[in-house]
Amino acid sequence: MFSKILIANRGEIAVRIVKTCRRMGIATVQVYSEADAGSLAVEMADEAVLIGPAPANQSYLLADRIVEAVRQTGAEAVHPGFGFLSENAGFARRLRDEGIVFIGPHPEAIEAMGDKISSKKLAAEAGVSTVPGHMGLIETTEEAVRIANEIGYPIMIKASAGGGGKGIRVAHSDADMAEGFAAVKAEALGAFGDDRVFLEKFIIDPRHIEIQVLGDKHGNVVHLFERECSIQRRNQKVIEEAPSPLLDEATRAAMGAQAVALAKAVNYDSAGTVEFVAGQDRSFFFLEMNTRLQVEHPVTELITGVDLVEQMIRSAWGDKLAFQQKDLAINGWAIESRIYAEDPYRGFLPSIGRLVRYETAEEGPHPDGYTVRNDSGVREGDEISMFYDPMIAKLCAWGPTRDAAIDGMARALEDTHLQGVGHNVPFLAAVMDQPRFRSGQISTSYIKDEFPDGFHGLAPDRRQTDILIAAAAAMNEVLTELSGDPSHRTDWIVLIGALSGHGEAHGVTLGYDDDEALTLELAGEDRALQLSDIDWRPGQAQFRATLDGEPFTAEVARVADGFVIRHRAARARVRVLAPAVAALYARLPEKVAADTSKLIQSPMPGLVVAIPVAVGQEVKTGETVAIIEAMKMQNILKAERDGVVKAVSAKAGDPVAADDVLVEFA
């Protein structure tokens, strides 16, 4: 077996590889950019080598630097993780020529399957069902529009060398095609150095299902069942699960057989993923093959017990697969939530900055029957950089059933606390609580369908309202006692809702039972709440307790005259007031938000690519007024109404912060 492996990646996947190598007794070398000098991966690896400045094209994407680091450290093999050079056939071939083992498929397989155009042709030849489309290269916008009309809208515009949700647009008209084609080519060139684009029919109400395959250098290939990856935003996966709630045994076997056939057609000899688009009727069509480890591989590991990183290493060493297809079985259900540094309340826009606080759910089996796994590459105090993908962690929950896995994930999200950057934990929690998600009736349009106006949180249900009342009352009791309040008041009004105090008013009477649990009698409701096992003191950002026998965790923050409390996707300002004070609050006027309708503001920190308007120019609704690049993605800002440009406050190449004014209308 290898004695030393170099990891040509960063973040959580680098940490993930180090963990498996440690268990296998293999030393590790971590390459890093200047931005990652103090990273967790660098800290965990046995050796570390600086390979360049922060931008990936000056560090992680430079094969020469990787090879130099291998020579410098005496590593025998390179694990590329995912992204960066993981699907670069030229890099794999370069390592082979240099006598360095590439822990992944051989370069010919990467070349054949990594190009989305040639892979579809190979898939068809291997008997794999494919989506109708145009697989030839398209050079001009006019040609793209003509072909789109031949296929019929809607059309998916995809970069041939794309991945990670980048270089993809859906066009519903000639205008969409003209704009989207140019945008995809630009994104593809910037992210992958390859601006080739192809078109394929967009399947209505589709599901995204992928099959994990694993091969060795002796001609053996197996599949490790499927993953459902339909919960996506901007073609980027957000929540994945294994197995899929859609598939029956016959469809699972058919998809697995096709995936294995395709892998065998290119003598595949590592871990890889065959992706399919599936209809709600269980029809399925080949999308692409990812010739690398997938971000979402942990859910497959959780239901099969197979360490895919270990299997990649063993295959690269030349070992035969230690199991056959008949030896593999699905055990339970697993769900993965991708925790991103992004603000769901601002259209999921990227957020950068320092992780001031980062508390995670305890990993391992929990008494309630679920198991938690958290793959993360950052720690409290680390910075989320604008140079790389904004993922903070992949939080996974396993349970014996799908419902148990969902319940476990919801609790694990409750126990996750982040401060310093915007994050999508409230949104992920909302999905876990959505009846449609729990039913399994999902599609790739789920987020757009369920949150058509964006994400603004969810209204608290009855139990969450009880949590808000009980947590606020309990914290108020602690603070009142610390302040030496002599009144010993037991009757309070709990206001939940608007900042001005015009929210819901709940009268409560507090007391303690024989077990010192806090009891709260709710006025006019003929019921009482019992709050026990309280774990909170002033300054803590999480309030843990058991309400009526069921444990919960809420995120809490003290504000001037009360608290802001979030439980999953329900967030509210909560005040605990004496009845006379509560009556005065009801008289306060509503606060009117500032009018920003004439401003085009940067929705995120990033770089200005273009401001294609000038002072005095008349602009129509829907016209592009600014293009901002952040996290390797180009974001097109459009006018929301007709108007005349009064001022332009930025130019191409300028760095901008969130909410910076770019264009002002008269």
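**A look at the overall build of the protein**
Alright, step 1. When its secondary structure is counted, the protein shows 17 helices and 40 strands.
Alright, step 2. Radius of gyration (C-alpha) of the protein: 27 Å, near the 26 Å computed for a compact globule of 666 residues.
Alright, step 3. The principal-axis extents of the C-alpha atoms in the protein amount to approximately 80 × 65 × 50 Å.
Alright, step 4. At a minimum sequence separation of 6, the contacts of the protein that also span at least 24 residues come to 64%.
Alright, step 5. Here the protein displays about 26900 Å² of accessible surface, and carbon together with sulfur accounts for 50% of that area.

**Quick word on empty space enclosed by the protein**
Alright, step 1. What the rule picks out here adds up to 2 cavities of 30 Å³ or more.
Alright, step 2. Around the largest cavity sit Leu 413, Glu 414, Thr 416, Gln 542, Thr 553, Ala 554, Glu 555, Arg 566, His 567 and Arg 568, which together line it.
Alright, step 3. Elements with a minimum of two residues in the lining of the largest cavity: α12 (402-414), β30 (550-559) and β31 (562-567).
Alright, step 4. Element by element, the count of residues in the lining of the largest cavity is highest for β30, at 3 residues.
Alright, step 5. In the lining of the largest cavity, the residues fall into 2 nonpolar, 4 polar and 4 charged.

**Structural notes on the layout of surface pockets**
Alright, step 1. Here the second largest pocket defines a volume of roughly 410 Å³.
Alright, step 2. Surrounding the second largest pocket, 20 residues form its lining, Glu 477, Val 478, Thr 480, Glu 481 and Tyr 512 being those nearest its centre.
Alright, step 3. Looking at the lining of the second largest pocket, the elements that each hand over two or more residues are α16 (462-483), β26 (504-512) and β28 (527-535).
Alright, step 4. For the lining of the second largest pocket, the leading source of residues is α16, giving 5 residues.
Alright, step 5. Among the residues making up the lining of the second largest pocket, the classes are represented as 9 nonpolar, 6 polar and 5 charged.

**Considering the sheet that holds strand β9 (residues 197-201)**
Alright, step 1. Across the sheet, which stays open at both edges, the 4 strands sit in the order β6-β9-β7-β8 with antiparallel pairing between neighbours. Both edges of this open sheet fall to β6 (133-134) and β8 (166-171), since each of them pairs with a single strand only.
Alright, step 2. Sheet analysis places strand β7 (residues 155-163) next to β8, joined by 5 bridges and oriented antiparallel. By the bridge assignment, Lys 158 is partnered in β8 with Ile 168.
Alright, step 3. Of the strands in this sheet, β6, β7 and β9 touch helix α7 (residues 141-151), which is tilted by about 20° from β9.
Alright, step 4. Against the sheet, helix α8 (residues 174-192) makes contact with β7, β8 and β9, and its axis sits at roughly 170° relative to β8, the strand it touches most.

**A short note on the side chain of Gln 236**
Alright, step 1. Locating Gln 236 in the fold gives a position in strand β12 (residues 236-242).
Alright, step 2. Among the residues examined, Gln 236 registers a relative accessible area of 13% and is labelled buried.
Alright, step 3. Among the polar contacts made by the side chain of Gln 236, one reaches the side chain of Tyr 340 at a distance of 3.3 Å.

Conventions and cut-offs
- Residues numbered from 1 in each chain as written.
- Predicted model: local features only at pLDDT ≥ 70, side-chain atom pairs only at ≥ 80, totals over all residues.
- Heavy atoms only, no water.
- Helix = DSSP H or I, 4+ residues; strand = E, 2+ residues; numbered from the N terminus.
- Rg over C-alpha atoms; globule rule 2.2 N^0.38 Å.
- Contact = heavy atoms within 4.5 Å.
- Areas by Shrake-Rupley, 256 points an atom, 1.4 Å probe, with all protein chains shown as cover.
- 1 Å grid on protein atoms, 1.4 Å probe; cavity = no way out; pocket = protein on both sides within 12 Å on 5 of 7 lines; lining within 4 Å.
- Points joined across faces, edges and corners; volume = space filled by probe spheres on them.
- Nonpolar A, V, L, I, M, F, W, Y, C, P; charged D, E, K, R; others polar.
- Pairing = 2+ DSSP bridges.
- Axes fitted to C-alpha atoms, helices over the stretch in contact; angles between N-to-C directions.
- Buried < 20%, exposed > 50% of the residue type's maximum accessible area, 1.4 Å probe, protein only.
- Polar contact = N/O pair within 3.5 Å; in protein donor to acceptor, adjacent residues only side chain to side chain.

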